[in-house]
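Here are the chains, one letter per residue:
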Amino acid sequence: MIIIKTREEIELMRESALIVSKTLGIIAKEIKPGVTTLQLDKIAEEYIRDHGAEPGFLGMYGFPNSLCMSPNTQVVHGIPNDKPLIDGDIISVDCGALKNGFYGDHAYTFEVGEVAEETKKLLQITKESLYEGVRATRVGNRVEDIGYAIQQYCEKEGYGVVRELCGHGLGRKMHEDPEVPNYGKRGRGKKLANGMVIAIEPMINLGTKNIIQHKDGWTITTADNKPSAHFEHDVAIVDGKPELLSTFSYIYEALGIVSNEEDGLRQIPFKF
(Lines give C-alpha, C1' and ligand atoms only; values in the text may rest on other atoms or scores of the structure.)
Protein backbone atom coordinates (compact mmCIF):
# COMPACT_ATOMS: atom_id res chain seq x y z
CA MET A 1 0.00 0.00 0.00
CA ILE A 2 1.36 3.41 -0.97
CA ILE A 3 1.38 5.83 1.99
CA ILE A 4 0.63 9.42 0.97
CA LYS A 5 2.40 12.08 3.05
CA THR A 6 1.02 15.43 4.17
CA ARG A 7 2.90 18.67 3.49
CA GLU A 8 3.98 18.67 7.15
CA GLU A 9 5.31 15.12 6.89
CA ILE A 10 7.16 15.96 3.69
CA GLU A 11 8.92 18.82 5.49
CA LEU A 12 9.94 16.44 8.29
CA MET A 13 11.27 14.09 5.61
CA ARG A 14 13.24 16.97 4.12
CA GLU A 15 15.00 17.31 7.50
CA SER A 16 15.88 13.62 7.46
CA ALA A 17 17.09 13.81 3.87
CA LEU A 18 19.26 16.84 4.62
CA ILE A 19 20.95 15.03 7.52
CA VAL A 20 22.00 12.42 4.95
CA SER A 21 23.02 15.13 2.47
CA LYS A 22 25.20 16.82 5.08
CA THR A 23 26.71 13.49 6.14
CA LEU A 24 27.70 12.77 2.54
CA GLY A 25 29.21 16.24 2.38
CA ILE A 26 31.36 15.45 5.43
CA ILE A 27 32.38 12.12 3.91
CA ALA A 28 33.28 13.84 0.62
CA LYS A 29 36.00 15.80 2.43
CA GLU A 30 37.57 12.59 3.77
CA ILE A 31 37.60 10.32 0.71
CA LYS A 32 41.17 9.97 -0.52
CA PRO A 33 43.78 7.26 -1.09
CA GLY A 34 44.78 5.61 2.18
CA VAL A 35 41.53 6.09 4.08
CA THR A 36 39.52 2.99 4.99
CA THR A 37 35.80 2.58 4.61
CA LEU A 38 35.57 1.70 8.32
CA GLN A 39 37.07 5.10 9.15
CA LEU A 40 34.48 6.78 6.93
CA ASP A 41 31.71 4.76 8.54
CA LYS A 42 32.75 5.92 12.02
CA ILE A 43 32.77 9.57 10.91
CA ALA A 44 29.29 9.20 9.43
CA GLU A 45 27.78 7.54 12.49
CA GLU A 46 29.17 10.20 14.82
CA TYR A 47 27.91 13.03 12.59
CA ILE A 48 24.41 11.56 12.29
CA ARG A 49 24.07 11.01 16.04
CA ASP A 50 25.55 14.42 16.88
CA HIS A 51 22.85 16.06 14.75
CA GLY A 52 19.82 14.53 16.41
CA ALA A 53 19.29 11.51 14.20
CA GLU A 54 20.00 7.78 14.19
CA PRO A 55 21.89 5.86 11.51
CA GLY A 56 19.19 4.41 9.27
CA PHE A 57 21.07 1.33 8.09
CA LEU A 58 22.77 0.21 11.30
CA GLY A 59 21.08 -3.03 12.39
CA MET A 60 18.46 -2.89 9.62
CA TYR A 61 17.90 -6.47 8.43
CA GLY A 62 21.07 -7.22 10.41
CA PHE A 63 23.36 -4.84 8.49
CA PRO A 64 26.44 -4.22 10.71
CA ASN A 65 27.31 -0.59 9.82
CA SER A 66 25.96 2.91 9.21
CA LEU A 67 27.07 3.23 5.59
CA CYS A 68 26.90 0.88 2.64
CA MET A 69 30.34 1.32 1.03
CA SER A 70 30.67 -0.31 -2.39
CA PRO A 71 33.94 0.18 -4.28
CA ASN A 72 34.63 -0.43 -7.96
CA THR A 73 32.87 -3.63 -9.08
CA GLN A 74 30.57 -3.71 -6.05
CA VAL A 75 27.09 -2.52 -6.98
CA VAL A 76 25.52 -1.85 -3.56
CA HIS A 77 25.38 -3.05 0.06
CA GLY A 78 29.15 -3.29 0.54
CA ILE A 79 30.23 -3.69 4.17
CA PRO A 80 32.86 -1.22 5.43
CA ASN A 81 36.25 -2.76 6.16
CA ASP A 82 39.87 -1.86 6.98
CA LYS A 83 41.21 -2.04 3.42
CA PRO A 84 42.53 1.40 2.36
CA LEU A 85 41.13 3.06 -0.74
CA ILE A 86 43.68 3.50 -3.52
CA ASP A 87 44.17 5.98 -6.33
CA GLY A 88 41.82 5.18 -9.21
CA ASP A 89 39.08 3.59 -7.10
CA ILE A 90 35.48 4.65 -7.15
CA ILE A 91 33.33 4.22 -4.06
CA SER A 92 29.54 4.28 -3.78
CA VAL A 93 28.44 5.64 -0.41
CA ASP A 94 24.82 4.93 0.52
CA CYS A 95 23.61 6.58 3.73
CA GLY A 96 20.39 6.55 5.72
CA ALA A 97 19.20 8.53 8.73
CA LEU A 98 16.10 8.42 10.93
CA LYS A 99 14.89 11.72 12.39
CA ASN A 100 11.44 12.80 13.62
CA GLY A 101 10.16 9.33 12.81
CA PHE A 102 11.03 9.53 9.11
CA TYR A 103 13.89 8.21 7.01
CA GLY A 104 16.23 9.92 4.61
CA ASP A 105 18.18 7.71 2.20
CA HIS A 106 20.45 8.68 -0.62
CA ALA A 107 23.75 7.87 -2.29
CA TYR A 108 26.66 9.21 -4.31
CA THR A 109 29.55 7.51 -6.11
CA PHE A 110 32.87 9.26 -5.48
CA GLU A 111 36.14 9.25 -7.40
CA VAL A 112 39.29 8.44 -5.44
CA GLY A 113 42.25 10.25 -6.95
CA GLU A 114 42.68 9.90 -10.71
CA VAL A 115 40.00 7.68 -12.22
CA ALA A 116 39.95 6.13 -15.71
CA GLU A 117 38.06 8.18 -18.30
CA GLU A 118 35.58 5.40 -19.13
CA THR A 119 34.76 5.13 -15.44
CA LYS A 120 34.34 8.90 -15.13
CA LYS A 121 31.84 8.75 -17.99
CA LEU A 122 29.93 5.91 -16.29
CA LEU A 123 29.56 8.07 -13.18
CA GLN A 124 28.48 11.09 -15.22
CA ILE A 125 25.83 9.22 -17.23
CA THR A 126 24.50 7.41 -14.16
CA LYS A 127 24.08 10.67 -12.26
CA GLU A 128 22.44 12.33 -15.27
CA SER A 129 20.06 9.36 -15.55
CA LEU A 130 19.01 9.95 -11.94
CA TYR A 131 17.76 13.40 -12.90
CA GLU A 132 16.01 11.95 -15.96
CA GLY A 133 14.12 9.74 -13.52
CA VAL A 134 13.41 12.61 -11.15
CA ARG A 135 11.93 14.73 -13.95
CA ALA A 136 9.59 11.85 -14.84
CA THR A 137 8.26 11.78 -11.26
CA ARG A 138 5.07 13.79 -11.71
CA VAL A 139 1.31 13.41 -11.56
CA GLY A 140 0.04 11.93 -14.82
CA ASN A 141 2.92 9.46 -15.07
CA ARG A 142 3.28 5.97 -13.69
CA VAL A 143 6.13 4.29 -11.81
CA GLU A 144 7.65 2.64 -14.87
CA ASP A 145 7.89 5.98 -16.65
CA ILE A 146 10.67 6.70 -14.16
CA GLY A 147 12.46 3.46 -14.95
CA TYR A 148 11.96 3.94 -18.68
CA ALA A 149 13.64 7.36 -18.54
CA ILE A 150 16.64 5.94 -16.66
CA GLN A 151 16.93 2.83 -18.81
CA GLN A 152 16.83 4.67 -22.11
CA TYR A 153 19.41 7.21 -20.99
CA CYS A 154 21.89 4.55 -19.85
CA GLU A 155 21.38 1.85 -22.45
CA LYS A 156 22.07 4.26 -25.30
CA GLU A 157 25.61 4.43 -23.87
CA GLY A 158 25.84 0.63 -23.84
CA TYR A 159 25.65 0.33 -20.05
CA GLY A 160 23.97 -2.46 -18.10
CA VAL A 161 20.91 -1.50 -16.04
CA VAL A 162 20.63 -3.72 -12.96
CA ARG A 163 17.26 -5.49 -12.78
CA GLU A 164 17.29 -7.22 -9.39
CA LEU A 165 17.62 -4.04 -7.31
CA CYS A 166 15.41 -0.97 -7.35
CA GLY A 167 14.34 2.26 -5.70
CA HIS A 168 11.41 2.40 -3.31
CA GLY A 169 8.87 4.38 -1.40
CA LEU A 170 10.19 6.13 1.69
CA GLY A 171 8.63 7.32 4.94
CA ARG A 172 8.32 5.98 8.45
CA LYS A 173 9.88 2.82 7.05
CA MET A 174 13.03 2.77 4.95
CA HIS A 175 11.35 0.64 2.31
CA GLU A 176 7.72 1.32 1.46
CA ASP A 177 5.60 0.80 -1.63
CA PRO A 178 6.02 1.27 -4.50
CA GLU A 179 9.11 -0.46 -5.80
CA VAL A 180 10.78 1.84 -8.35
CA PRO A 181 12.79 -0.16 -10.92
CA ASN A 182 15.40 1.50 -13.12
CA TYR A 183 13.87 0.00 -16.26
CA GLY A 184 10.36 -0.29 -17.57
CA LYS A 185 7.74 0.54 -20.17
CA ARG A 186 6.00 3.87 -20.55
CA GLY A 187 2.53 4.04 -19.04
CA ARG A 188 2.91 0.94 -16.89
CA GLY A 189 2.92 0.57 -13.10
CA LYS A 190 1.22 2.38 -10.26
CA LYS A 191 -0.02 5.92 -10.83
CA LEU A 192 2.09 8.71 -9.35
CA ALA A 193 0.17 10.99 -7.00
CA ASN A 194 0.70 14.11 -4.93
CA GLY A 195 2.17 13.28 -1.53
CA MET A 196 4.16 10.25 -2.69
CA VAL A 197 7.79 10.19 -1.56
CA ILE A 198 10.21 7.84 -3.29
CA ALA A 199 13.91 7.11 -3.39
CA ILE A 200 15.13 6.94 -6.98
CA GLU A 201 18.47 5.14 -7.29
CA PRO A 202 19.91 4.03 -10.63
CA MET A 203 22.49 1.24 -10.29
CA ILE A 204 24.30 1.12 -13.60
CA ASN A 205 27.16 -1.13 -14.74
CA LEU A 206 29.90 -0.38 -17.24
CA GLY A 207 29.35 -3.82 -18.77
CA THR A 208 26.71 -6.49 -18.25
CA LYS A 209 23.54 -5.86 -16.28
CA ASN A 210 24.06 -9.17 -14.50
CA ILE A 211 25.14 -9.25 -10.85
CA ILE A 212 26.40 -11.74 -8.26
CA GLN A 213 25.22 -11.99 -4.64
CA HIS A 214 28.08 -12.96 -2.31
CA LYS A 215 28.05 -15.38 0.60
CA ASP A 216 28.09 -12.64 3.24
CA GLY A 217 24.46 -12.00 2.29
CA TRP A 218 25.11 -8.35 1.46
CA THR A 219 27.86 -7.69 -1.06
CA ILE A 220 26.71 -7.57 -4.68
CA THR A 221 29.18 -7.30 -7.58
CA THR A 222 28.97 -7.10 -11.35
CA ALA A 223 29.14 -10.49 -13.05
CA ASP A 224 31.92 -9.33 -15.40
CA ASN A 225 33.98 -7.50 -12.74
CA LYS A 226 33.55 -4.14 -14.44
CA PRO A 227 32.78 -0.98 -12.42
CA SER A 228 29.30 -0.04 -11.24
CA ALA A 229 27.88 3.37 -10.25
CA HIS A 230 25.05 4.28 -7.88
CA PHE A 231 23.36 7.63 -7.25
CA GLU A 232 20.19 8.26 -5.24
CA HIS A 233 17.83 11.12 -4.36
CA ASP A 234 14.72 11.41 -2.19
CA VAL A 235 11.85 12.91 -4.18
CA ALA A 236 8.36 14.04 -3.15
CA ILE A 237 5.53 14.88 -5.53
CA VAL A 238 4.20 18.33 -4.62
CA ASP A 239 1.62 20.19 -6.71
CA GLY A 240 2.01 17.57 -9.42
CA LYS A 241 5.78 18.00 -9.81
CA PRO A 242 8.95 16.50 -8.35
CA GLU A 243 10.39 18.16 -5.25
CA LEU A 244 13.94 17.16 -4.30
CA LEU A 245 14.22 16.57 -0.57
CA SER A 246 17.90 15.62 -0.72
CA THR A 247 20.75 17.53 -2.32
CA PHE A 248 24.29 16.95 -3.55
CA SER A 249 25.14 20.59 -2.78
CA TYR A 250 27.11 19.72 0.37
CA ILE A 251 29.19 17.23 -1.62
CA TYR A 252 29.83 19.81 -4.32
CA GLU A 253 30.83 22.42 -1.77
CA ALA A 254 33.36 19.98 -0.30
CA LEU A 255 34.75 19.05 -3.71
CA GLY A 256 34.69 22.51 -5.27
CA ILE A 257 32.18 21.51 -7.95
CA VAL A 258 29.82 24.05 -9.53
CA SER A 259 26.53 22.55 -10.73
CA ASN A 260 23.03 23.67 -11.69
CA GLU A 261 21.65 20.14 -12.08
CA GLU A 262 19.11 20.57 -9.27
CA ASP A 263 17.67 23.79 -10.69
CA GLY A 264 13.93 23.54 -11.31
CA LEU A 265 13.58 20.43 -9.13
CA ARG A 266 13.04 22.21 -5.85
CA GLN A 267 9.97 24.44 -5.50
CA ILE A 268 10.83 25.36 -1.93
CA PRO A 269 14.15 27.27 -1.94
CA PHE A 270 17.08 25.31 -0.55
CA LYS A 271 18.66 27.02 2.44
CA PHE A 272 22.34 26.13 2.35
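This one's a predicted model, so the numbers in the text were calculated from it and none came from an experiment. (Residues numbered from 1 in each chain as written. Predicted model: local features only at pLDDT ≥ 70, side-chain atom pairs only at ≥ 80, totals over all residues. Heavy atoms only, no water.)

Visitor: Report on the overall build of the chain, specifying residues and quantitative values.
Guide: Assigned secondary structure in the chain consists of five helices and 15 strands. Its C-alpha atoms give the chain a radius of gyration of 17 Å, within 12% of the compact-globule value 19 Å for 272 residues. The dimensions of the chain, computed from C-alpha atoms along their principal axes, are 45 × 45 × 40 Å. Of all 272 residues assigned to the chain, the portion counted as buried reaches 55%. Taken as two groups, the 31 positive and 40 negative side-chain charges of the chain have centres that lie 5 Å from each other. (Helix = DSSP H or I, 4+ residues; strand = E, 2+ residues; numbered from the N terminus. Rg over C-alpha atoms; globule rule 2.2 N^0.38 Å. Buried < 20%, exposed > 50% of the residue type's maximum accessible area, 1.4 Å probe, protein only. Lys, Arg positive; Asp, Glu negative; His and termini not counted. Charge placed at Lys NZ, Arg CZ, Asp CG, Glu CD.)

Visitor: Can you break down the nonpolar core residue by residue, with the values?
Guide: Among soluble globular proteins, nonpolar side chains are generally buried collectively. Ranked by internal contacts, the top residues of the largest apolar core, which has 54 residues, are Ile 31 and Val 93. Those residues in contact with Val 93, other than ones at most four positions away along the chain, are Leu 24, Ile 27, Ile 31, Leu 67, Cys 68, Met 69, His 106, Ala 107, Tyr 108 and Phe 110. Residues Ile 10, Met 13, Cys 68 and Phe 102 belong to the second largest nonpolar core, which totals 16 residues. (Core = buried A, V, L, I, M, F, W, Y, C linked by side-chain atoms within 4.5 Å. Contact = heavy atoms within 4.5 Å.)

Visitor: Pulling in residues and values, what's your account of helix 4 (residues 143–155)?
Guide: Structural remark: α-helix, 3.6 residues per turn; residues separated by three or four positions point the same way. Between its first and last C-alpha atoms helix 4 spans 19 Å; for 13 residues at 1.5 Å apiece the expected length is 18 Å, and the two agree. In terms of residue burial, helix 4 counts as a mostly covered element, since 10 of its 13 residues are buried. For helix 4, the set of buried residues is Val 143, Glu 144, Asp 145, Ile 146, Gly 147, Ala 149, Ile 150, Gln 151, Tyr 153 and Cys 154. Turning to helix 4, the residues buried within the fold contact helix 3 (117–135), strand 6 (160–161), strand 8 (176–180), strand 9 (197–200) and strand 10 (203–205). (Expected span 1.5 Å × (residues − 1).)

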